[in-house]
Amino acid sequence: MKELQLSVQGMTCAACVNRVERALKKVEGVAQASVNLTTERASVQYDPAVVGVAQLKRAVREAGYGVLEVERERDRAELERQAREREVTALRRSLGFSATLALPLLLLAMLPMLWGSAEMVLHSLASASVWNWVMLALATPVQFGPGRRFYRHGWAALRSRAPDMNSLVMIGTSAAYFYSLAVTVFPGLFPAHSRHVYFEASAVVITLILLGKYLEALAKGRTSEAMKRLLSLQAKTARVLKGQEELELPLDEVLPGDLIAMRPGEKVPVDGVVVAGSSYVDESMITGEPLPVAKSAGDRVIGGTLNGHGAFTFRATAVGEDTVLAQIIRLVQEAQGSKPAIQGLADRVVAVFTPIVLGIAALTAVVWLVFGGTEALSLALVNTVAVLIIACPCAMGLATPTSVVVGTGKAAEMGVLFRKGEAVQTLGEARVVALDKTGTLTQGKPMLTDLQVLPGFEETEVLRLMASLEQNSEHPLARAIVAAAQERGLELLETVSLEALPGLGVRGQVGIYRVEVGSSRLMAELGIEIPSLPAEEQLAEEGKTPLYAGVNGQLAALLAVADPLKEGSVEAVRALHRQGLQVAMITGDNRHTAQALARQLGIDTVLAEVLPQGKAEAVRQLQGQGRKVVFVGDGINDAPALAQADLGIAMGKGTDVALETAEVVLISGDLRGIPNAVALSRATLRNIQLGLFWAFAYNILLIPVAAGVLYPFTGWLLSPVLAGAAMGLSSVFVLSNALRLKGFQAPLPLV
């Protein structure tokens, strides 16, 4: 199967989304199709052996919508931005034109009702029939000029038996316009009390809906600001070294292996490895960490980051779509285009909503014609039009995708990448966070943390002897001892007669010394007596691995090696507890070490001595309690557990960002990103729920009012003009509600 992104043009409401999805799903070879109203993209999974891209585009066009032609995928965002700008410009022109004509229409219709003298003035200037012709002249250009868009899309929707918002507006404004046209041209056909015209209703409703669409388009543009910022991080050119010459080339022409020169203050154009020079690079736009990172020969640099005051040369390792920034942008786009489960409710309602509204409108017309008395025809028309205008499914279609787009964009700014929109909902609903220990809670690199030398021995010399003995070993504990000696600048000696004793330690001859390093069991086997040392119990309680060193048959030192906690691990666990989450740790370490670490961190549940292949089973065990479980790991060794969990979070660092097994990636690898992501997910979910509540409540409350149910008790009727204003405001409210997420403050800022 392949996945394709199509930029769909002309969608206006949730019914349009359903229509495009149905059109794509009907095509043979399509497994799945998901359409996002906010990003105006269709994501299609299809079998290329059965169906081609051209057929998929044709299906969208036959459904009545346009498809933006994109030659290169990296140009898509820019082309979409240009298309949105053209749409905003077209809406602004249409709105200006219709408002210019609708305002005098509104004054002509409303002033006589509000101010009796105005009616006398108008009648003194011309008869009622003349003013009807004037209003016809003002209303017609609006109805078939700016209003043409509703006819174009609305008729196509009716023809395909999938009526949408455009259909409702088309039917409602047409009813008001053509009734008024008939009254103006053939007044004798109507009773005297029914010769009222509603030109202002059709023209003002079209104007108000265009205003709502214009404000909606502006707000939708703001929802993708995070994506614009990501795209703006990309450099346009690179200074490539060719022999002794520096050539400034477009990024398209940079190849892996090229040497690139960096000057102070420039953006790093592509990913690479420093070969000469040094500097500090600001990686906050990628990782979320504010402090610049020192870079020298051998260090990786990421495209889009900002060089400080130094100069260096680096060799390109990834260009184009393979760079970390390109992967981040792709992940954010995929997340923004997918749907959380909560959207399913809105989709199911919208699928039947418009036909139900048409039925309610027809029923409204019949009831008022039967029980409306002498004003039956006028009342039936006004109330039917009000029902059709107010019952727009726009707000329902926008509530979820706008919140997901803004929320995932905000998350990307915080160094948290949601690969799927569904992950936002899952993380917000999770109740257990299970953490891998090595490389997640800890740094993943054992270090020599303690060295207590016994009387008669000198610390530096003992460390030199141990490191010399261990220098050729690949064991993590051995590497920790060697690293500690190298940090002190100690010169290592040659070792002879080296013997590794599995599970016990190692021994050998270093110069004139016989040296042993290992467990207490090794010392016991060698007959080296271990006195009771006060520090020994404390080391065990702290979860450190105690080791012993013997020199020429005597105990020389007690040392401890441990994998230190990552900075922020304690803060992160405390924050998760404050959020009401249970925290578990899954590790292959022995139970004693794991329990000691859990006490240090305040972790609730410990699953220790778990083999790599057993981590998925450990996650299942936690899921057995009936709660949603999030598993956090390094994304490689923990792949089965990441896949088994309800949600997998991978600790990324630089090029680890595109881990395929996790739905969420913490780019910086800082655990404090987890409570931040949980808080943002919950805020996004609350935002979606509020938006959907408003969208549903608005329709449930106002459709009956528009139909006139309050008239027998209060004498209130809802004017089509007010119905149009309320419809536009509902969409603007939902969008404004989503945009509040842009002000989200992370509970634990990365430092």
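In the annotation of an unreviewed UniProt entry, the chain is listed under the name P-type Cu(+) transporter and assigned to Meiothermus granaticius NBRC 107808. According to the UniProt record, the Sequence similarities (unreviewed entry) comment for the chain is "Belongs to the cation transport ATPase (P-type) (TC 3.A.3) family. Type IB subfamily." Turning to the chain, the UniProt annotation filed under Subcellular location (unreviewed entry) states: "Cell membrane".

**Student:** Got a minute to help me understand the nonpolar core in this structure?
**Tutor:** Nonpolar side chains tend to gather and get buried jointly when the protein is soluble and globular. Among the nonpolar cores identified, the biggest contains 92 residues, and Met11 and Leu56 are the most heavily contacted of them. Among the elements that take part in this core, helix α8 (residues 199-223) stands out by supplying 10 residues, more than any other. The contacts of Leu56, once residues within four sequence positions are left out, are Leu4, Leu6, Leu24, Val27, Val30, Val44, Tyr46 and Val51. Counting residues in each nonpolar core, the second largest holds 42 residues, with Val416, Leu441, Met651 and Phe744 among its members.

**Student:** Would you mind going over the packing of helix α17 (residues 459-470) against helix α18 (residues 476-487) with me for this structure?
**Tutor:** Packed helix pairs are specified by the crossing angle of their axes together with the interaxial distance, meaning the distance between the axes. Running from amino to carboxyl end, α17 crosses α18 at an angle of 130 degrees, the nearest separation of the two axes being 8 Å. Between α17 and α18, the angle is such that the two are oblique. Every pair of crossing elements has a handedness; the one defined by α17 and α18 is left-handed. Here α17 contributes Leu463, Met466, Ala467 and Glu470 to the contact with α18, which in turn contributes Ala478, Arg479, Ile481, Val482, Ala484 and Ala485. Grouping the amino acids of the contact of α17 with α18 by side-chain chemistry returns 8 nonpolar, no polar and 2 charged.

**Student:** Where do I start with the sheet that holds strand β19 (residues 545-551) in this structure?
**Tutor:** Strand pairing in a sheet relies on backbone hydrogen bonds. The paired strands run either parallel or antiparallel. Spatial ordering of the open sheet is given by β15-β20-β19-β18-β17-β16, a layout of 6 strands whose pairing is antiparallel. Pairing within the sheet leaves two strands with one partner each, and these edge strands are β15 (447-453) and β16 (495-501). Averaged over all neighbouring strand pairs, the angle between strand axes comes to 20 degrees, with direction disregarded. In the sheet, strand β18 (residues 513-518) pairs with β19 via 4 bridges, with the strands oriented antiparallel. Across the sheet, residue Gly518 finds its bridge partner in β19, namely Tyr548.

**Student:** So what exactly am I meant to see when it comes to the packing of aromatic side chains here?
**Tutor:** Each aromatic ring pair is summarised here by two numbers: the centre-to-centre distance and the angle between the ring planes. Using the criterion set out here, one finds 9 aromatic pairs in the structure. With 5.8 Å between their ring centres and 65 degrees between their planes, Tyr177 and Phe199 make a pair best called edge-to-face. Taken as a pair, Tyr177 in helix α7 (residues 165-185) and Phe199 in helix α8 lie far apart in primary sequence, 22 residues in all. Of the two residues, Tyr177 and Phe199, neither departs from the other in class, the shared state being buried. For the ring pair Trp694 and Phe733, a centre distance of 4.6 Å and an interplane angle of 40 degrees mean the geometry is tilted. Of the two residues, Trp694 sits in helix α25 (residues 673-707) while Phe733 sits in helix α27 (residues 720-739), which places them 39 residues apart along the sequence. Judged by its relative accessible area of 32%, Trp694 falls in the partly exposed class. Residue Phe733 is classed as partly exposed on the basis of its relative accessible area, which comes to 35%. Three or more aromatic residues joined by ring pairs form one cluster here, namely Phe144, Tyr151, Tyr177, Phe178 and Phe199.

**Student:** Where do I start with the sheet that holds strand β2 (residues 30-36) in this structure?
**Tutor:** Strands sit in the order β2-β3-β1-β4 across an open sheet of 4 strands; the sheet is antiparallel. Taken across any chain shown, the strands that pair with only one partner, and hence form the sheet edges, are β2 and β4 (66-67). Where β2 lies against strand β3 (residues 41-46), 6 bridges are found, and the strand directions are antiparallel. Within the sheet, the bridge partner assigned to Ala33 lies in β3 and is Val44. Set on the sheet, helix α1 (residues 14-25) makes contact with β1 (2-9), β2 and β3; between it and β2 the angle comes to about 165 degrees. Docked against the sheet, helix α2 (residues 53-62) engages β1, β2, β3 and β4, running at close to 35 degrees with respect to β1.

**Student:** Just to check I follow, could you spell out α17 for this structure?
**Tutor:** Because each turn of an α-helix spans 3.6 residues, side chains separated by three or four positions in sequence point in the same direction. Between its terminal C-alpha atoms α17 stretches 17 Å, which fits the 16 Å expected from 12 residues at 1.5 Å a residue. Among all positions in α17, only Val462, Leu463, Leu465, Met466, Ala467, Ser468, Leu469 and Glu470 are buried. The N-cap of α17, judged by a side-chain oxygen 3.3 Å from the amide nitrogen of Thr460 a few residues on, is Glu458.

About the criteria used
Residues numbered from 1 in each chain as written. Predicted model: local features only at pLDDT ≥ 70, side-chain atom pairs only at ≥ 80, totals over all residues. Heavy atoms only, no water. UniProt positions renumbered as here; feature names shortened; annotations may be inferred. Core = buried A, V, L, I, M, F, W, Y, C linked by side-chain atoms within 4.5 Å. Buried < 20%, exposed > 50% of the residue type's maximum accessible area, 1.4 Å probe, protein only. Helix = DSSP H or I, 4+ residues; strand = E, 2+ residues; numbered from the N terminus. Contact = heavy atoms within 4.5 Å. Axes fitted to C-alpha atoms, helices over the stretch in contact; angles between N-to-C directions. Parallel < 35°, antiparallel > 145°, perpendicular 65-115°, else oblique. Left-handed = near helix turned anticlockwise from the far one by under 90°. Nonpolar A, V, L, I, M, F, W, Y, C, P; charged D, E, K, R; others polar. Pairing = 2+ DSSP bridges. Phe/Tyr/Trp six-rings, centres within 6.5 Å; stacked < 30°, edge-to-face > 60°. Expected span 1.5 Å × (residues − 1). Polar contact = N/O pair within 3.5 Å; in protein donor to acceptor, adjacent residues only side chain to side chain.

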